[in-house]
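Descriptive structure summary
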Amino acid sequence: MDKRNILKHVDHTLLKAFATWEDIVELCDEAILYQTASVCVPPSYVRRIHDTYGDELKICTVIGFPLGYHTADVKAAETAQAVRDGADEIDMVVNIGDVKSRLCEKVEAEIRMVKEACAGRILKVIIETCYLSEEEKIAMCHAVTNAGADYIKTSTGFGTGGATIEDVRLMKQHIGPDVKIKAAGGISTMEEMEAFLQEGCDRIGTSRAVGLLKES
């Protein structure tokens, strides 16, 4: 697969706590130059990016990040604010404690609430696979599907593990036909990105893709 084509599936990501505006500008300029799918940034930068770049790029931001234990009302309010600020895509973290407690209907209701707050924008649901059993992963595939989310996403990149091919294959078996897959966390080479895309992922979340292209 052509490396430029791989980048069309990449959410060019910078979510470090110490990211400065200068860092964000570099990220956005790279995203425009290399035509990545979006930039994925902290919510506090969404309005400034939108005001600076307009429609030159898609803005993705994170909700309930990275631990997922915000209340559903807070996640919905965060989402509504991000949409008002100009976000095109929302990556939310589920309440992992609720998943582990087998409160899947509660998790599904939370996802549905956030999807409503998205007001038509794309919603990706991060289930943080490194903390879940196979049974719990399957349950989340069903919850994400039933709640009407657009994507299921493997990881935040801040947990104890990231995306695996095995998890992507499991998701493919259990999500609905309208749900896409985003792999994120620990994906560090072009070969790995291509492998995840070939397994059926539509998006890759990584901070490394553009740098790898520059080095090649």
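Our subject is the structure that appears above.
Reference entry: report on the structure contained in this document. The structure displayed is predicted, hence computed values, not measured ones.

**Here we look at the pattern of salt bridges**
Summed over all chains, the structure comprises 18 salt bridges. Close ionic contact of Lys137 with Asp167 constitutes a salt bridge, the shortest N to O distance being 2.8 Å. Placement of Lys137 in helix H7 (residues 134-146) and of Asp167 in helix H8 (residues 165-174) is noted, with a sequence separation of 30 residues between them. Neither Lys137 nor Asp167 differs from the other in exposure class; each is buried. Taken together, the salt bridges that share partners define one network made up of Asp11, Glu89, Asp91, Lys124, Lys153, Lys182, Asp202 and Arg203.

**Re the packing of aromatic side chains**
Think of a pair of aromatic rings as described by two things: how far the centres are apart, and how the planes are tilted against each other in angle. All told, the structure shown has two aromatic pairs when counted by the stated rule. Positioned above the aromatic ring of Tyr151, the side-chain terminus of Lys124 is 5.9 Å from the ring centre.

**Considerations on the environment of Ile90**
Checked against the element boundaries, Ile90 lands in strand E4 (residues 89-93). Its relative accessible area of 0% is what places Ile90 among the buried residues. Distance in space between the C-alpha atoms of Ile90 and Val62 is 5.9 Å, their sequence separation being 28 residues. Not counting residues up to four positions away in its chain, the partners in contact with Ile90 are Thr61, Ile63, Thr79, Ala82, Cys118, Ile122, Leu123 and Lys124.

**Some thoughts on the environment of Cys28**
You can see Cys28 is positioned in helix H2 (residues 21-34). With a relative accessible area of 0%, Cys28 lands in the buried category. Between the C-alpha atom of Cys28 and that of Ala109, which follows or precedes it by 81 residues, the distance is 34 Å.

**With respect to a negative patch on the surface**
Taken together, the side chains of Glu22, Asp23, Glu26, Asp29, Asp55 and Glu56 define an acidic patch exposed on the protein surface. By the secondary structure assignment, Glu56 is in the loop between helix H3 (46-53) and strand E3 (59-63). Glu56 gets classed as exposed once you look at its relative accessible area, which sits at 52%.

**A word on H3**
Along H3, the residues classified as buried are Val46, Ile49 and Tyr53. Along the axis of H3, the buried residues cluster in a sector spanning 65 degrees; they form a single face. Where H3 is buried, its residues contact H2, strand E2 (38-41), E3 and helix H4 (72-85). Backbone geometry just after H3 places Gly54 at a positive phi near 60 degrees.

Reading the values: rules and limits
As a convention, each chain's residues are numbered from 1 in the sequence order in which they are written. Selection of residues for local features in this predicted model requires a pLDDT of at least 70, selection of side-chain atom pairs for listing and counting requires 80 or more, and totals for whole chains, interfaces and linings are taken over all residues. Only hydrogens and water are set aside; all other atoms, that is, all heavy atoms of the structure, feed into the side-chain values. The salt bridge definition used is simple: a Lys or Arg side-chain nitrogen within 4 Å of an Asp or Glu carboxyl oxygen. Helix and strand assignments come from DSSP, with helices taken as H or I runs of at least 4 residues and strands as E runs of at least 2, each series counted from the N terminus. Remark: exposure states derive from per-residue accessible area (1.4 Å probe, protein chains only) relative to the maximum for the residue type, with buried under 20%, exposed over 50%, and partly exposed in between. Any two of the Phe, Tyr and Trp rings considered here, Trp counted by its six-membered ring, make a pair once their centres fall within 6.5 Å; the pair's planes then place it as stacked at under 30 degrees, edge-to-face at over 60, or tilted in between. Over a ring means this: the NZ of a Lys or the CZ of an Arg is within 6 Å of the ring centre and within 35 degrees of the ring normal. Whether two residues are in contact is decided by their heavy atoms, any of which lying within 4.5 Å being enough. Like-charged residues are merged into a patch within 9 Å and nonpolar side chains (Val, Leu, Ile, Met, Phe, Trp, Tyr) within 5 Å, provided each residue has over 30% relative accessible area and no salt bridge. Here the accessible surface of atoms and residues is derived via Shrake-Rupley with a 1.4 Å probe, and residues count as covered only by protein chains that are part of the display. In this count, Lys and Arg are taken as positive residues and Asp and Glu as negative ones, while His and the chain termini are left out. Charge placement uses NZ in Lys and CZ in Arg. For Asp and Glu, CG and CD serve respectively. An arc is given here, and it is the one of the directions from the helix axis to the C-beta atoms.

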